[in-house]
Amino acid sequence: MAVAYQDYYDALGVPRDASEQDIRRAYRKLAREYHPDVNKEPDAEDRFKQISEAYEVLRDPEKRERYDRLGANWRAGQDVPGSAPGGYEDVFRSGNGFGDVRVDFGGGDFSDFFESMFGGRAGAGAGARGRGRARGDGFAAGAGGEGFSMRGSDAEATLELTLEEAAAGGRRLITFEGGERFEVEIPPGVRDGQRIRLAGQGGEGVGGGAPGDLLLRVRIKPHPRFRVEGGDLHTDLPVTPSEAALGAEVQLRTLTGTARVRVPPGSSSGRRLRLRGEGLPATGGKPAGDLYAEVAVHVPKRLTGEERELYERLAEVSSFDPRKGR
């Protein structure tokens, strides 16, 4: 049973005076939305048949003229009923795990063809050939020499860097599964989550269209000493009880070396000291980050006899009680 005829303009959602470009644009949009390999709604398959049949007629100036003049009886004016000179090719490409579907078909009644292709999938295929191809997401259609080009899709991958590599930047050779290798210029100070674009290394273009880009999303590996927040770095600053109470100037390890830090008197654990510009370097219009050192008061696990005497004496003379906030 052939698919019932419908208003082809309504099927594509375009006015009767729509241009060829408008018709093509509407078809591409709807075909992507209702392709049976993507849309699993119960009526998606029938909807895809309708829009494909509508496009096959409206894309051809002669068939469109007959359809505008004769309506549902437009085939009565054809010399060769249902013929499609030069054939027709429909290509659906998806980078979302659905794979590629390419269907070539030649002459025959359009409604009968779609019925054979989609109405009974187990035995479908009379006069049709299917073959899969993985080239990224996009959609192209053409027949009888007519067609259009489309830029290839962008691909995305994760680029893991150590904190030191992200801070220093520079050129790096990366290898993907399958053996593909790229030399990447890493900007100094690149932030976690930022993307590095490799132009022309993405999905293949269609119909002579330009290839897409490869986007590398940066992921900074955990570091044993530093925690990363944007361009800022956070680290612990161990101090002794006397340094915390009396204040002191102590040495702190930074990402690129060491720095002297002044610990104010009366510093408790958790107090943060900021070292301006000691975080990740400036990049892409972002300012250089800061390094935050968080005071952590440490006490000795074992006391010498003299240390014990002094701590005991301190306990006798001190009225400080942290539980009372004094």
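This structure is a prediction, so every number in the text was calculated from the model and none was measured. (Residues numbered from 1 in each chain as written. Predicted model: local features only at pLDDT ≥ 70, side-chain atom pairs only at ≥ 80, totals over all residues. Heavy atoms only, no water.)

1. Concerning the packing of aromatic side chains
Phase 1: Per the stated rule, a full pass over the model turns up three aromatic pairs.
Phase 2: Between Tyr9 and Tyr67, the ring centres sit 6.1 Å apart and the planes meet at 45°, which makes this aromatic pair tilted. Taken as a pair, Tyr9 in helix α1 (residues 8–12) and Tyr67 in helix α4 (residues 61–70) lie far apart in primary sequence, 58 residues in all.
Phase 3: For Tyr9, a relative accessible area of 1% puts it in the buried group.
Phase 4: Relative accessible area serves as the criterion here: at 6%, Tyr67 is assigned to the buried category. (Phe/Tyr/Trp six-rings, centres within 6.5 Å; stacked < 30°, edge-to-face > 60°. Helix = DSSP H or I, 4+ residues; strand = E, 2+ residues; numbered from the N terminus. Buried < 20%, exposed > 50% of the residue type's maximum accessible area, 1.4 Å probe, protein only.)

2. Looking at the nonpolar core
A general trend in soluble globular proteins is that nonpolar side chains are found buried together.
Phase 1: Ranked by internal contacts, the top residues of the largest apolar core, which has 35 residues, are Val184, Leu216 and Leu237.
Phase 2: By residue number, the principal contributor to this core is strand β9 (residues 214–220), which donates four residues.
Phase 3: In contact with Val184, not counting residues within four places along its chain, are Gly170, Arg171, Arg172, Ile174, Ile196, Leu198 and Leu216.
Phase 4: Core analysis: the second largest hydrophobic core is formed by 20 residues, Tyr34, Phe48, Leu58 and Tyr67 among them. (Core = buried A, V, L, I, M, F, W, Y, C linked by side-chain atoms within 4.5 Å. Contact = heavy atoms within 4.5 Å.)

3. Things to note about the layout of surface pockets
Phase 1: In this structure, the largest pocket encloses a volume near 510 Å³.
Phase 2: Secondary structure elements with two or more residues in the lining of the largest pocket: α7 (241–246) and α8 (305–317).
Phase 3: Residue composition of the lining of the largest pocket, grouped by class: 10 nonpolar, five polar and one charged. (1 Å grid on protein atoms, 1.4 Å probe; cavity = no way out; pocket = protein on both sides within 12 Å on 5 of 7 lines; lining within 4 Å. Points joined across faces, edges and corners; volume = space filled by probe spheres on them. Nonpolar A, V, L, I, M, F, W, Y, C, P; charged D, E, K, R; others polar.)

4. Quick notes on the pattern of salt bridges
Pairing between side chains of opposite charge can happen when the charged atoms of each approach one another.
Phase 1: Following the criterion strictly, the structure yields 21 salt bridges and no others.
Phase 2: Notably, a salt bridge pairs Glu165 with Arg172, separated by 3.6 Å at the nearest N-O pair.
Phase 3: Residue classification places Arg172 among the partly exposed residues on the basis of a relative accessible area of 28%.
Phase 4: Note that Arg323 is salt-bridged to Asp321, the shortest N-O span being 3.4 Å. (Salt bridge = Lys/Arg side-chain N within 4 Å of Asp/Glu carboxyl O.)

5. What about the environment of Leu280?
Phase 1: Within the secondary structure, Leu280 sits in the loop between β14 (272–275) and β15 (291–297).
Phase 2: The buried category is assigned to Leu280, whose relative accessible area is 0%.
Phase 3: On a C-alpha basis, the gap between Leu280 and Glu164 in space is 9.3 Å, while along the polypeptide they are 116 residues apart.

6. As for the sheet that holds strand β5 (residues 155–161)
Phase 1: Strand order in the open sheet made by the three strands is β5-β9-β8, with mixed pairing throughout. Only two strands of the sheet have a single partner each, and these edge strands are β5 and β8 (195–198). Adjacent strand axes in the sheet meet at a mean angle of 30°, parallel and antiparallel pairs treated alike.
Phase 2: Relative to β9, β8 is paired through four bridges, and the arrangement is antiparallel. From the neighbouring strand, Arg197 faces β9, where its bridge partner is Leu215. (Pairing = 2+ DSSP bridges. Axes fitted to C-alpha atoms, helices over the stretch in contact; angles between N-to-C directions.)

7. Thoughts on the packing of helix α2 (residues 20–34) against helix α3 (residues 44–58)
Phase 1: Running from amino to carboxyl end, α2 crosses α3 at an angle of 160°, the nearest separation of the two axes being 9 Å. Our classification of the angle between α2 and α3 gives roughly antiparallel. Here α2 runs over α3; the crossing is left-handed. Contact residues: α2 offers Ile23, Arg24, Tyr27, Leu30, Ala31 and Tyr34, while α3 offers Ala44, Arg47, Phe48, Ile51, Ser52, Tyr55 and Leu58.
Phase 2: Of the residues belonging to the contact of α2 with α3, the class tally is 10 nonpolar, one polar and two charged. (Parallel < 35°, antiparallel > 145°, perpendicular 65-115°, else oblique. Left-handed = near helix turned anticlockwise from the far one by under 90°.)

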